[in-house]
Amino acid sequence: MNEVAMTSSNPSPTEGTEPAGAPADELELVAKAQAGDTAAFDELVIRYRQRAFSMIYNMVRNEQDAWDLAQDGFVKAWKSIGRFRGQSSFYTWLYRILMNVGIDWLRRKQIESGTEFDDTMGLRNVEAGAVTAPRGELAPVERISDKEIRERIDAAIAKLSPEHRAAIVMREIDGLEYSEIAERMECSIGTVMSRLFYARKKLQAMLKDVYENI
Amino acid sequence: MKTFEECFTAWVDGQLSGEALAAFEKELAAHPEAAADRDAARQLGKLLRAHSTAPALSNADFFSLQLQRRIDAETPPRRQPVKPEREAVVSIFSRLAWAGVFFLVLAGASFFLTIPHRPAQPLAPSNYFAQVVESWPSDPGISATTVYNPEDNVTVLWLDGLDYMPSEQLALK
C-alpha cells in the first residue's frame, strides 16, 4: 500500500480569515469575559452567532434545534471560557464546543428514537474501490426543485451516524482540512479519512439520482 | 501505511501527489470504475455545498437576549466583595490585641501588689575598698555583699538570706 503524501491544493476556507492565534481585540474581549464581563462575552456572541448557528444547522438540519443547540454551545463556552488560552482563534475553540454539542445531541436522539446507524451499511459485500452507488437503476429525474433537493439531502444526511455526519459537514460544507477535522473530533487523521470514505459512499448511494440530474 | 479507504479519500480530495499518487493510480488499474467513483464523490461534494446553505439566524438580537438570560440564570452569584471580610478580621484581631494588653496590665499589677519585695538597700555602698570577691555558702540562697554606713562610718558585711548563724561560726578570720 502506498504512503499518502498530502498536498495543500485544497485550501481551507478559514485561511486568510482566521489567524493562527486569536486577534488582539478578540483576546481583550475574551480576557474581560474570563473576568466575568458578560457584556464582553455578548460582543463575542454577536460576532459569531450566525456562524455558530450555520455550523450547527448543517449538522442537525433543523432550524429550531440549531437555535437551541447554538445557545447550548455558547452557554458551555461561557462556563468554560476560563480554560481558553488563546492558542487558536475564539471561533476555532467555539467550533469544537459546538461540534461536541451537536454530536452529543445526535447521539441522544439516536438512543431516544432507537435508531442504529450502521457505518458500513450496504458496503459489507462491496470491494474497496468498487462503485457502490446504484447505476442507472433509478428513473431519471427531469427537474428537481431546490426544496426537494434539500429535503433529499437532509434525509440522506439524517441516515449517517453522528461521527460520519460531523466529518462530512466539516469537510464538504465547512471545507476544513483533515488535520483540522481530526483535531476538532479528537481522533486521528486516518480515522477522519476513513469516516469520509464511508460517509461519501453512503451519500452517493442515496443521492446518485439527485446529483446526476441537476 | 495507509488503508485503501484513506488513500481513496485523499485521491478524491486531490491530496495525493508524487510517488504516492503514481503508486495508488497503479493499484487502481485493477478497478476501472474507480475514476467514475471519484468523479461521483466530487459531484456529491458540489451538491452538498450548493444546497447546504444554512438559513440566516432569525431574530439575532433575541438570540443574544435569550442567551444572556440563560447565562445570568446559570451563573452562580458572585461572592461579596472581600473588603468587609477583611475589615471584620482586622476588627477581631484588634479586639483580641486590646484584651491581651488589658490582661497583661492586670497581671503586672497583681504581681506587684501580691509578691513581697526585698526592701530597698538602706545603706550606700562602702567608700572603702571592701568587696566580697568569693564566698562558699552552704545554702545557694545566701549571698554576701559589703555596704558602707557613712553615719556610723563603718563597713558592714551583709549576708542576705542567712537566717541564723551559730555562735562558734561568728569568729572572723
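The structure under discussion appears in the preceding block.
Being a predicted model, the structure only gives us computed values, none of them experimental.

Residue and element names in this part refer to chain A. All told, the structure shown has 20 salt bridges over all chains when counted by the stated rule. Here Arg47 and Glu43 are joined by a salt bridge, their closest N and O atoms 4.0 Å apart. On the criterion of helical spacing, the pair formed by Arg47 and Glu43 is a turn pair, its members being four residues apart in helix α2 (residues 38-60). Its relative accessible area of 34% is what places Arg47 among the partly exposed residues. When the shortest N-O distance is used, the salt bridge between Glu151 and Lys147 registers 3.0 Å. Pair noted here: Glu151 and Lys147 are both in helix α5 (residues 146-158), with a separation of four residues, about one helical turn. Owing to a relative accessible area of 44%, Glu151 belongs among the partly exposed residues under this scheme.

Once that is clear, we can look at the packing of helix α1 (residues 4-12) of chain B against helix α2 (residues 18-27) of chain B. Residue and element names in this part refer to chain B. Closest axis-to-axis distance for the α1/α2 pair is 11 Å, and the angle between their directions is 115 degrees. With respect to α2, the axis of α1 lies roughly perpendicular. In terms of crossing hand, the pair formed by α1 and α2 is left-handed. Contact with α1, carried on its side by Phe4, Cys7, Phe8 and Trp11, involves Leu21, Phe24, Glu25 and Glu27 of α2 and no other residues of that element. For the contact of α1 with α2, the per-class residue count stands at six nonpolar, no polar and two charged.

Before going further, it helps to examine the pairing of strand β2 (residues 154-160) of chain B. All names here are of chain B. Taken together, the seven bridges between strand β1 (residues 143-149) and β2 define a ladder with antiparallel strand orientation. In the strand pairing of β2, Thr146 is matched with Leu157. Between β1 and β2, which pair antiparallel and follow one another directly, the connecting turn spans four residues, one of which, Asn153, has a positive phi of 55 degrees.

Thresholds applied
Residues numbered from 1 in each chain as written. Chains lettered and ligands numbered in written order. Predicted model: local features only at pLDDT ≥ 70, side-chain atom pairs only at ≥ 80, totals over all residues. Heavy atoms only, no water. Salt bridge = Lys/Arg side-chain N within 4 Å of Asp/Glu carboxyl O. Helix = DSSP H or I, 4+ residues; strand = E, 2+ residues; numbered from the N terminus. Buried < 20%, exposed > 50% of the residue type's maximum accessible area, 1.4 Å probe, protein only. Axes fitted to C-alpha atoms, helices over the stretch in contact; angles between N-to-C directions. Parallel < 35°, antiparallel > 145°, perpendicular 65-115°, else oblique. Left-handed = near helix turned anticlockwise from the far one by under 90°. Contact = heavy atoms within 4.5 Å. Nonpolar A, V, L, I, M, F, W, Y, C, P; charged D, E, K, R; others polar. Pairing = 2+ DSSP bridges.

So far we have only geometry, and geometry alone does not tell us how the molecule works.
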